[in-house]
Amino acid sequence: MRPILALLLLLALAGCGQEPQTRQWRFALEEIEGSVQHAYAKRFKELVEKRTDGEVEVAIYPYGSLGTSADVTEQVQNGAVEFAFASPGHLGAVVPESQVFSLHFLFPRDEQALQRVFSESPTLYGVLGQAYRDKDLALLAVVHEGWMVWTADRALKTPADFDGLKIRTMVSPLLLEAYRAYGANPTPMPYGEVYSALQLNMIDAQVNPVFAIEEMSFYEVQEVMTFADHLPFVSTVVANPAFLEGLPRPLRETVREVKARLDDYIFELQADYNAERLARIREQGDIEIVRLTADQRRAFAERAGPLRQRYVELAGERGRRILEGLEGEF
Ligand code: 6CS
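Residues numbered from 1 in each chain as written. Predicted model: local features only at pLDDT ≥ 70, side-chain atom pairs only at ≥ 80, totals over all residues. Heavy atoms only, no water.

Draft legend 1. Molecular detail of the site of the ligand. As a matter of local geometry, the ligand sits amid E30, E31, S69, H90, R168, M170, Y191, N208, P209, A212 and F233. In this structure, E31 approaches the ligand through a side-chain N or O atom, which is 2.6 Å from a nitrogen atom. In isolation the ligand offers 290 Å² of accessible surface; the protein chains occlude 100% of this area. Partitioning the shell around the ligand into residue classes produces five nonpolar, three polar and three charged. (Near = heavy atom within 4 Å. Polar contact = N/O pair within 3.5 Å; in protein donor to acceptor, adjacent residues only side chain to side chain. Areas by Shrake-Rupley, 256 points an atom, 1.4 Å probe, with all protein chains shown as cover. Nonpolar A, V, L, I, M, F, W, Y, C, P; charged D, E, K, R; others polar.)

Draft legend 2. Expanded view of helix 5 (residues 111–120). Residues of helix 5 that are buried: A113, L114, Q115, V117, F118 and S119. Those residues of helix 5 that are buried are in contact with helix 6 (122–133), strand 4 (138–152), strand 9 (232–239), helix 11 (249–284) and helix 13 (307–329). (Buried < 20%, exposed > 50% of the residue type's maximum accessible area, 1.4 Å probe, protein only. Helix = DSSP H or I, 4+ residues; strand = E, 2+ residues; numbered from the N terminus. Contact = heavy atoms within 4.5 Å.)

Draft legend 3. Quick look at the nonpolar core. In this structure, W150 and F162 are the most contacted members of the largest nonpolar core, which totals 59 residues. The element contributing the most residues to this core is helix 13, with seven residues. Look past the residues within four positions of F162 in its chain and what remains in contact with it is W150, L156, I167, Y179, Y182, G183, A184 and F300. Counting 50 residues, the second-largest nonpolar core is a separate cluster that includes W25, F27, Y40 and A138. (Core = buried A, V, L, I, M, F, W, Y, C linked by side-chain atoms within 4.5 Å.)

Draft legend 4. A look at the packing of helix 2 (residues 36–52) against helix 11. For the pair helix 2 and helix 11, interaxial distance at closest approach is 9 Å and the crossing angle is 145 degrees. Crossing geometry of helix 2 relative to helix 11 is assigned as right-handed. When helix 2 is examined against helix 11, the residues V36, A39, Y40, R43, F44, L47, V48, R51 and T52 are found in contact with a partner set consisting of L251, T254, E257, V258, K259, R261, L262, Y265, I266, L269, Q270 and Y273. Its residues assigned to classes, the contact of helix 2 with helix 11 shows 13 nonpolar, three polar and five charged. (Axes fitted to C-alpha atoms, helices over the stretch in contact; angles between N-to-C directions. Left-handed = near helix turned anticlockwise from the far one by under 90°.)

Draft legend 5. Inspection of the pattern of salt bridges at higher detail. This structure, assessed with the given rule, holds 21 salt bridges. Measuring nitrogen to oxygen at the nearest pair gives 3.2 Å for the salt bridge that ties R318 to E97. Of the two residues, R318 sits in helix 13 while E97 sits in the loop between helix 4 (88–91) and helix 5, which places them 221 residues apart along the sequence. Of the residues examined, R318 reaches a relative accessible area of 22% and is grouped as partly exposed. (Salt bridge = Lys/Arg side-chain N within 4 Å of Asp/Glu carboxyl O.)

Draft legend 6. Spatial organisation of the side chain of T151. Along the polypeptide, T151 turns up in strand 4. Within the structure, the side chain of T151 is placed 2.7 Å from the side chain of Q222, a separation counted as a polar contact. For T151, the residues in contact, after removing those within four places along its chain, are D204, A205, Q206, I213, Q222, V224 and M225.

Draft legend 7. Spotlight on the packing of aromatic side chains. The final tally for this structure, using the stated rule, is 23 aromatic pairs. Both rings, one in F107 and one in F118, keep their centres 5.9 Å apart while their planes meet at 65 degrees; by these two values the pair is edge-to-face. Residue F107 is found in the loop between helix 4 and helix 5, and its partner F118 is found in helix 5; the two are separated by 11 residues along the sequence. Judged by its relative accessible area of 2%, F118 is buried. When the centroid spacing of 6.2 Å and the interplanar angle of 75 degrees are considered together, the rings of W150 and Y182 count as edge-to-face. (Phe/Tyr/Trp six-rings, centres within 6.5 Å; stacked < 30°, edge-to-face > 60°.)

Draft legend 8. Here's a closer look at the side chain of N208. Looking at the element boundaries, N208 is found in strand 7 (residues 205–209). Side chain to side chain, N208 and Q206 meet in a polar contact 3.0 Å long. Not counting residues within four places of it along the chain, the set of residues in contact with N208 comprises W147, M148, V149, R168, Y191, I213, F218 and F233.

Draft legend 9. Summary view of unusual backbone geometry. For D53, which is not glycine, the phi dihedral falls at a positive 50 degrees. Checked against the element boundaries, D53 lands in the loop between helix 2 and strand 2 (56–61). According to the relative accessible area criterion, D53 is exposed, its value standing at 71%. The backbone phi angle of D229 is positive, close to 50 degrees, even though this residue is not glycine. With respect to the helices and strands, the residue D229 is situated in the loop between strand 8 (224–227) and strand 9.

Draft legend 10. Seen up close, the pairing of strand 4. Taken across its 15 residues, strand 4 has 15 buried, putting it largely inside the fold. Both strand 4 and strand 9 contribute to a ladder of seven bridges, which runs antiparallel. Opposite A138, over in strand 9, you have A239 as the bridge partner. Note: strand 4 against strand 7, five bridges, orientation antiparallel. Residue pairing for strand 7: A152 is matched across the bridge by A205. Direction of pairing for strand 4 relative to strand 8: antiparallel, over a ladder of three bridges. Within strand 8, the residue paired with T151 across the bridge is M225. (Pairing = 2+ DSSP bridges.)

This is the structure in structure tokens:
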């Protein structure tokens, strides 16, 4: 055998003997096991591992294992974690433009319109995506987790009911301003501290989608749930940009395809989760449920209106483009 052929044969045989290289992708959540984010990550893992045939293994880190939302976002920015959920409710100080998701009464209650815009909006994936990118975050998906519901020691039917109410919010500055506009005293704190703060009467109220109110047991320590349909709870899936851009093209394509598959999956799943958990809350507790009328919602919407201008002040020219772009897409 000619030496060059022998060398090629040797190299090929050595290659065959090598263990295939496995890539580990970490996916960190802001929610516990059994949540909407957990369902998303489990399906992401399943689809990625199946499509890459063992080349990629996804490890899921539920809320608490890697710290608060702010900690997890930093871990994505510095590459310690490849994928994570980053809720705009916590991200506002880092990416001011993301606070468009804090604007009460901006988003329509038409679920199909929400689904369409959140899965493919050029404004969100283009303009907002660039704002994320400037802060070392790649925006992969915008995820609707269900409409926010106020829970409190009282019914919240008019802005006057918010007078002096200590309501726990996530930490984005515009969210706090939104509740101040109703006359409340918003108190930001990490998700994991809310139950005990309610139990110890350090706060009177909090706001979250139904599935979260159930799985975090907030309903146990509150008297009334008020449905105002003022804001969908939106989270975003982010990745470390250098990691994503450094992936071989087929793997990047896999991430893109899996995201598209998950858009419909999670939209339907959150609706089921929220409906089932509301039924469970009704069975287990004696919490009162209040749904605002159109007139009652209007009184809140009037107070919330000026916040749009405030958003543009905080998020600048790009914020204005996001707001106008979204208004045009719905
Ligand atoms: O209220 C919060 O802080 C959290 N709520 C939900 C439903 N998901 C993540 C977020 O951190």
